[in-house]
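Residue-level structural notes
Each chain, letter by letter, is given below.
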Amino acid sequence: MERHSEGWEMHRPGRIEVVCGSMFSGKTEELIRRMKRAKFARQRVEIFKPSLDTRYSEVDVVSHDKTTIPSTPVDSSSSILLLASDIDVVGIDEAQFLDGGLVDVCNQLANRGVRVIVAGLDMDFKGVPFGPIPALCAIADEVTKVHAICVKCGALAYVSHRLVENDKRVLLGETNEYEPLCRDCYRKAMEEEKKR
Ligand SMILES: [Zn+2]
């Protein structure tokens, strides 16, 4: 049974929304808030996330109430195209860990009429733009940059500063391994680290 009128289905506007920011900035919360609203509006919603993000073992992203949003781990961006065939609103969490093909995948979905909401880290712990997020910001219809609070001075944070010594880019966030810092406090921290 078609839920939407034929006209609405045909003219359903696809779009790409990006929610980016540092760790602890509430990216996933904002993604889930938008997905829940879509679900209340009786849209078919699903969140995809890279399978290497194993911090949360549960399959469902939210399960505190009836607005549980199904979440599917994917190995590559192309899997999203295959799995999202019947979805109105596609959420993609931790998108910085997915491959560069995600840009084309999001465009294809939006051109099909799908609303795509992408959440991800804009920069890695060195302040370098992360994975497909910069390109996604460029092609998005709407970009929302969310901010954590700098743990040193209380200003809006700019970057996730890594506290443990490890140069590997994909180090999944245990909260005690990173701290959100503003630009000024990050610069000072980098200077301190150089002295060591
Ligand atoms: Zn600061």
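Predicted model only: the values in this text are computed from it and were never measured.

This part is about the overall build of the chain. The helix and strand tally for the chain stands at six helices and eight strands. Traced from its N-terminal end to its C-terminal end, the chain shows the element sequence α-β-α-β-β-α-β-α-β-α-β-β-β-α. Taken across its 196 residues, the chain has 47% of its residues classed as buried. Surface summary for the chain: the accessible area is close to 10600 Å², and the carbon and sulfur share equals 52%.

So, about the nonpolar core. Formed by 25 residues in total, the largest nonpolar core has its most connected members in I80, V90, I92, L109 and V118. Contributions of two or more residues to this core are made by β1 (15-21), α3 (77-83), β4 (89-92), α4 (102-111), β5 (115-121) and α5 (133-139). In contact with L109, not counting residues within four places along its chain, are I80, L81, A84, V90, V114 and V116. Judged by nonpolar contacts, the second largest core, of 12 residues, contains I32, I69, I117 and V146.

With a phi angle near 65°, F24 is a residue other than glycine that sits in the positive phi range. Given a relative accessible area of 39%, F24 falls into the partly exposed group. In this structure, R42 is a non-glycine residue whose phi angle is positive, near 65°. On the secondary structure map, R42 appears in the loop between α2 (27-40) and β2 (45-50).

Okay, the coordination of the zinc ion next. In the first shell of the zinc ion, the protein supplies C150 (SG), C153 (SG), C182 (SG) and C185 (SG), at 2.3 to 2.4 Å from the metal. Spacing between the donor residues of the zinc ion along the chain follows C-x2-C-x28-C-x2-C. Placement of the pair is C153 in the loop between β6 (142-146) and β7 (159-162) and C182 in the loop between β8 (178-181) and α6 (183-195), with a sequence separation of 29 residues.

Here the UniProt feature "active site" (unreviewed entry) sits at E94. Here E94 shows up in the loop between β4 and α4. Taking relative accessible area as the criterion, E94 reaches 9% and is therefore assigned buried. Looking at E94, its side chain comes within polar contact range of the side chain of Q96, at 2.8 Å.

About the thresholds
- Residues numbered from 1 in each chain as written.
- Predicted model: local features only at pLDDT ≥ 70, side-chain atom pairs only at ≥ 80, totals over all residues.
- Heavy atoms only, no water.
- Helix = DSSP H or I, 4+ residues; strand = E, 2+ residues; numbered from the N terminus.
- Buried < 20%, exposed > 50% of the residue type's maximum accessible area, 1.4 Å probe, protein only.
- Areas by Shrake-Rupley, 256 points an atom, 1.4 Å probe, with all protein chains shown as cover.
- Core = buried A, V, L, I, M, F, W, Y, C linked by side-chain atoms within 4.5 Å.
- Contact = heavy atoms within 4.5 Å.
- Donors = N, O, S within 2.8 Å, 3.2 Å for Na, K, Ca; no water.
- UniProt positions renumbered as here; feature names shortened; annotations may be inferred.
- Polar contact = N/O pair within 3.5 Å; in protein donor to acceptor, adjacent residues only side chain to side chain.

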